[in-house]
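Each chain is listed here by its residues.
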Number of protein chains: 2
Amino acid sequence: MSLRLKAFGSYRAGGRPVTVTGEPVRRIAFTDITHYDVDPNGTFLTESAYVQYFTPADRNAEPPAVLLHGGGMTGAMWETTPDGRPGWLHGLLDAGFEVHVVDNVERGRAGWMPGLWAGAPLLRSMEEAWTLFRFGPPDGFADRRAFDGQQFPVDCLDEVAKGFVPRWTSTTDAQVAALRAVLERVGQAILVCHSQGGEVAFRAAAGAPDRVAAILAVEPSGAMDAVADLATIPVTVVHGDYLDTAPIWRDLAARWTTMAQRLRDRGGRAAIVDLTRIAAGASHMPMMDRASDRYLDAIIADRCR
Amino acid sequence: MSLRLKAFGSYRAGGRPVTVTGEPVRRIAFTDITHYDVDPNGTFLTESAYVQYFTPADRNAEPPAVLLHGGGMTGAMWETTPDGRPGWLHGLLDAGFEVHVVDNVERGRAGWMPGLWAGAPLLRSMEEAWTLFRFGPPDGFADRRAFDGQQFPVDCLDEVAKGFVPRWTSTTDAQVAALRAVLERVGQAILVCHSQGGEVAFRAAAGAPDRVAAILAVEPSGAMDAVADLATIPVTVVHGDYLDTAPIWRDLAARWTTMAQRLRDRGGRAAIVDLTRIAAGASHMPMMDRASDRYLDAIIADRCR
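Residues numbered from 1 in each chain as written. Chains lettered and ligands numbered in written order. Predicted model: local features only at pLDDT ≥ 70, side-chain atom pairs only at ≥ 80, totals over all residues. Heavy atoms only, no water.

### Quick word on the overall build of chain A
- Counting secondary structure elements, chain A contains seven helices and 10 strands.
- The C-alpha radius of gyration computed for chain A amounts to 20 Å, which stays within 12% of the reference 19 Å derived for 305 residues, consistent with globular compactness.
- With the C-alpha coordinates of chain A rotated into their principal frame, the extents come out at 60 × 50 × 40 Å.
- For chain A, with 305 residues in total, the buried portion stands at 63%.
- Accessible surface, chain A as shown: approximately 10500 Å² in total, 48% of it carbon and sulfur.
- Averaged over its 31 positive side-chain charges, chain A has a centre that lies 4 Å from the centre of its 37 negative ones. (Helix = DSSP H or I, 4+ residues; strand = E, 2+ residues; numbered from the N terminus. Rg over C-alpha atoms; globule rule 2.2 N^0.38 Å. Buried < 20%, exposed > 50% of the residue type's maximum accessible area, 1.4 Å probe, protein only. Areas by Shrake-Rupley, 256 points an atom, 1.4 Å probe, with all protein chains shown as cover. Lys, Arg positive; Asp, Glu negative; His and termini not counted. Charge placed at Lys NZ, Arg CZ, Asp CG, Glu CD.)

### Focus on the packing of helix α4 (residues 172-186) of chain A against helix α5 (residues 196-207) of chain A
Residues and elements named next belong to chain A.
- Where α4 contacts α5, the two axes come as close as 9 Å, and the packing angle between them is 55°. Viewed along their axes, α4 and α5 adopt a mutual orientation that is oblique. For the pair α4 and α5, the crossing hand works out as right-handed. The residues of α5 that touch α4, namely those facing T172, D173, Q175, V176, L179, R180 and L183, are Q196, E199, V200, A201, R203, A204 and G207. (Axes fitted to C-alpha atoms, helices over the stretch in contact; angles between N-to-C directions. Parallel < 35°, antiparallel > 145°, perpendicular 65-115°, else oblique. Left-handed = near helix turned anticlockwise from the far one by under 90°. Contact = heavy atoms within 4.5 Å.)

### Notes on helix α7 (residues 292-302) of chain B
- When we look at burial in α7(B), the residues that qualify are B:S292, B:Y295, B:L296, B:A298, B:I299 and B:I300.
- In this fold, the buried residues of α7(B) make contact with α1 (88-94), β8 (212-218) and β9 (235-239) of chain B.

### Comments concerning the environment of A:T81
All names here are of chain A.
- On the secondary structure map, T81 appears in the loop between β5 (65-68) and α1 (88-94).
- T81 gets classed as buried once you look at its relative accessible area, which sits at 4%.
- Put simply, T81 and E159 are 78 residues apart on the chain and 8.8 Å apart in space, counted from C-alpha to C-alpha.
- Sequence-distant contacts of T81, defined by excluding residues within four places in its chain, comprise P86, G87, M287, M288 and S292.

### With respect to the pattern of salt bridges
All names here are of chain B.
- As enumerated under the stated definition, the model contains 40 salt bridges over all chains in all.
- Between R4 and D58 there is a salt bridge, with its nearest N and O atoms 3.5 Å apart. Here the residue R4 occupies a position in strand β1 (residues 3-20), and D58 occupies one in the loop between β4 (42-56) and β5 (65-68), the gap between them amounting to 54 residues.
- On the accessibility criterion, R4 (39% relative accessible area) is partly exposed.
- Judged by relative accessible area, D58 falls into the exposed class, the value being 58%.
- Between D158 and R144 there is a salt bridge, and its shortest N-O distance comes to 3.6 Å. (Salt bridge = Lys/Arg side-chain N within 4 Å of Asp/Glu carboxyl O.)

### Observations concerning the relation of the copies chain B and chain A
- Overlaying chain B on chain A yields an RMSD of 0.0 Å, the required transformation being a rotation through 180° with an accompanying axial translation of 0.0 Å. The transformation just described matches what one would write down for a two-fold rotation axis.
- When you check the interface residues of chain B against chain A, 100% turn up at the interface there too, and the contact is symmetric in its surfaces. (Least-squares fit on C-alpha atoms with pLDDT ≥ 70 in both.)

### Here we look at the interface of chain B and chain A
- At the junction of the two partners, chain B supplies 81 residues and chain A supplies 81 residues.
- Summed over both partners, the interface of chain B with chain A buries about 6700 Å², with 58% contributed by carbon and sulfur atoms.
- On inspection of chain B and its partner chain A, the count reaches four salt bridges.
- Between chain B and chain A we count 29 residue pairs in polar contact (both at pLDDT 80 or more) in total.
- Per-element accounting of the side of chain B that touches chain A gives the leading share, 10 residues, to β1(B).
- Of the residues contributing to the side of chain B that touches chain A, the split by class is 39 nonpolar, 23 polar and 19 charged.
- Sheet topology note: the strand β1 (residues 3-20) of chain A/β1(B) ladder contains three bridges and is antiparallel. Looking across to β1(B), one finds that A:R4 is bridged to B:R4. (Buried area = accessible area lost by both parts, 1.4 Å probe. Polar contact = N/O pair within 3.5 Å; in protein donor to acceptor, adjacent residues only side chain to side chain. Nonpolar A, V, L, I, M, F, W, Y, C, P; charged D, E, K, R; others polar. Pairing = 2+ DSSP bridges.)

### As for the side chain of A:N104
- Looking at the secondary structure, you find A:N104 in the loop between β6 (99-103) and α2 (126-132).
- When neighbours within four sequence positions are excluded, A:N104 is seen to be in contact with A:S48, A:A49, A:L68, A:H69, A:A110, A:Q175, A:A178, A:L179 and A:V200.

### Regarding the confidence of the model for chain A
- Mean pLDDT over chain A: 96, with 100% of residues reaching 70 or higher.
- Confidence metrics for the complex model read pTM 0.98 and ipTM 0.97. (pLDDT = per-residue confidence, 0-100.)

### Examining unusual backbone geometry
Residue and element names in this part refer to chain A.
- Phi at E47 is positive, roughly 65°, even though this residue is not glycine.
- Tracing the backbone shows E47 in strand β4 (residues 42-56).
- By relative accessible area, E47 is classed as buried at 14%.

### Some thoughts on the packing of aromatic side chains
- As enumerated under the stated definition, the model contains 31 aromatic pairs over all chains in all.
- Ring centres of A:W117 and A:W168 lie 5.0 Å apart, and the angle between their planes is 65°; this geometry places the pair in the edge-to-face category. Here A:W168 lies in the loop between α3 (157-162) and α4 and A:W117 lies in the loop between β6 and α2, a separation of 51 residues in the sequence.
- A centroid spacing of 6.1 Å and a plane angle of 75° characterise the contact between B:W130 and B:F141, whose relative ring orientation is edge-to-face. Note that B:W130 is positioned in helix α2 (residues 126-132) and B:F141 in the loop between α2 and α3 (157-162), a separation of 11 residues in sequence. Like B:F141, B:W130 is buried.
- Pairwise contacts between aromatic rings join A:W112, A:W117, A:W168, B:W112, B:W117 and B:W168 into one cluster. (Phe/Tyr/Trp six-rings, centres within 6.5 Å; stacked < 30°, edge-to-face > 60°.)

### With respect to the pairing of strand β10 (residues 270-274) of chain B
All names here are of chain B.
- Looking at chain direction, β9 and β10 are connected through five bridges and run parallel. Counted as the bridge partner of V238 is V273 from β10.
- Note that the unit made of β9, helix α6 (residues 247-265) and β10 has a crossover that is right-handed. (Right-handed = clockwise from strand over helix to strand, strands pointing away.)

### Here we look at the nonpolar core
- Ranked by internal contacts, the top residues of the largest apolar core, which has 212 residues, are A:V182, A:I215, B:V182 and B:I215.
- Look past the residues within four positions of A:V182 in its chain and what remains in contact with it is A:Y11, A:A13, A:A49, A:V51, A:V66 and A:V102. (Core = buried A, V, L, I, M, F, W, Y, C linked by side-chain atoms within 4.5 Å.)

### Some remarks on the environment of A:L230
- Within the fold, A:L230 resides in the loop between β8 (212-218) and β9 (235-239).
- Contacts of A:L230, omitting those with residues within four sequence positions, involve A:F202, A:A205, A:A206, A:I215, A:M259 and A:L263.

Here's what the structure looks like:
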């Protein structure tokens, strides 16, 4: 690869102050030689998004692409693939897009605040990923026996699992607010979201449709009923293979179709890109699949405008 | 800015599997429409480091620089400064260095595992940062009244605080192991570390001195007694201003001097770069100070070889 950048860097978007009071001071050893009293009371800034952006020197005429990860993952999911190839971040830059990669509230470099949110943080097991991401049958996990024709490089499953981060299920409102703050800063964006990020993206877009030039939703898993506020935005839903392997995927596939139809019924523009038309065997993680480059090219070409 | 990259991307280094058993299955709502049973048992891969690397097209003849953040921070601390200027990551790339930016175990995109490590995770308050990072006197926090001549842009303190992440104090061994795995992969590196990252860097380097071409330690806060295994590595300690404002800094300043002398006594090479010679008013975060570019230039020029 070779890439000429006009600019790159990072910023924080959104966030709110939280004040802690009434907690006891504790003596803490921070390194082998630094021990000091820590006052856990004070002011904290939390619920912001971390965004890393890249502007190619040869930029296309499109709005910037804002990439929003799915649940239990971070913006790193768009970078180098598990088998070491350039990811969709690279592909979008090569195509001339300015790209903003989000780590949303409580994920990755956005940071998190102990004790702030309801419920326990959940970390995804490799076994759950194996079935939920449709890599193979449940009893295939142990020896990495994938579905026939699977595009995901299952011998590199470890690399993906190392990238899993805990997630709360009570932070969606905060994530929507932070993504809205990202959109305010970017101006107008093509919103590329994945899985649980779909709920966040659809809700943020519905609240600021003038800020969203298009939505590319890769197997989104939420917020697909309230289409009224999305009718001015071209929506492309992208999905992979093996959708009949579990009720959750059969249900979501039906919802993708329904959402697209409802958008059209309201005069909106909606398309569904079935990645199996490009290459059979797409998993829930087409940005990591062996055919990831071809999948991205097809999405860029066939998206709804 | 303009930057031509030969390569960039990310990888994971180190890590170990953890198996969870005996926990009850729970019904969880992940988005507004996806509710399913989650089995918290299974296999997890944790304690790896996330590394993002950049290789400039016009690369210099130096070993790659590996950047290790301090406590409660992530690799984002080396990027864009709080007041929006290119950070030391950019400066090192402009100088032709290949740069590997680490999020070490349990920080940022490296992820963390609930319940795994001893003790509670600590999030730094803005008040603690104000005094510990030597931005100003304790009673100056409320109205951002900094020390005279302070180089840190205190009106942008919010941006830094948004980047604070919780940290455990029981993960140093795991962080040392993960940094060792990074060094294994990089080959031979110039290790640039900050604050609590100093303890991790010195210990990792002592265990693999052939992998470390030099250490640039910005106000390191640990592991400075066992110099025997570091005597073959040129060590540069970099420090800022206002070291007489608190006992912790007076103590550490004395240790930096002692460490350098001990290294020299063993035939090693050691230098101390006092940033006040470049521009007075350096804080604990010289990579974020207004004079950050000049500080980096001085460190590159005056480092011990």
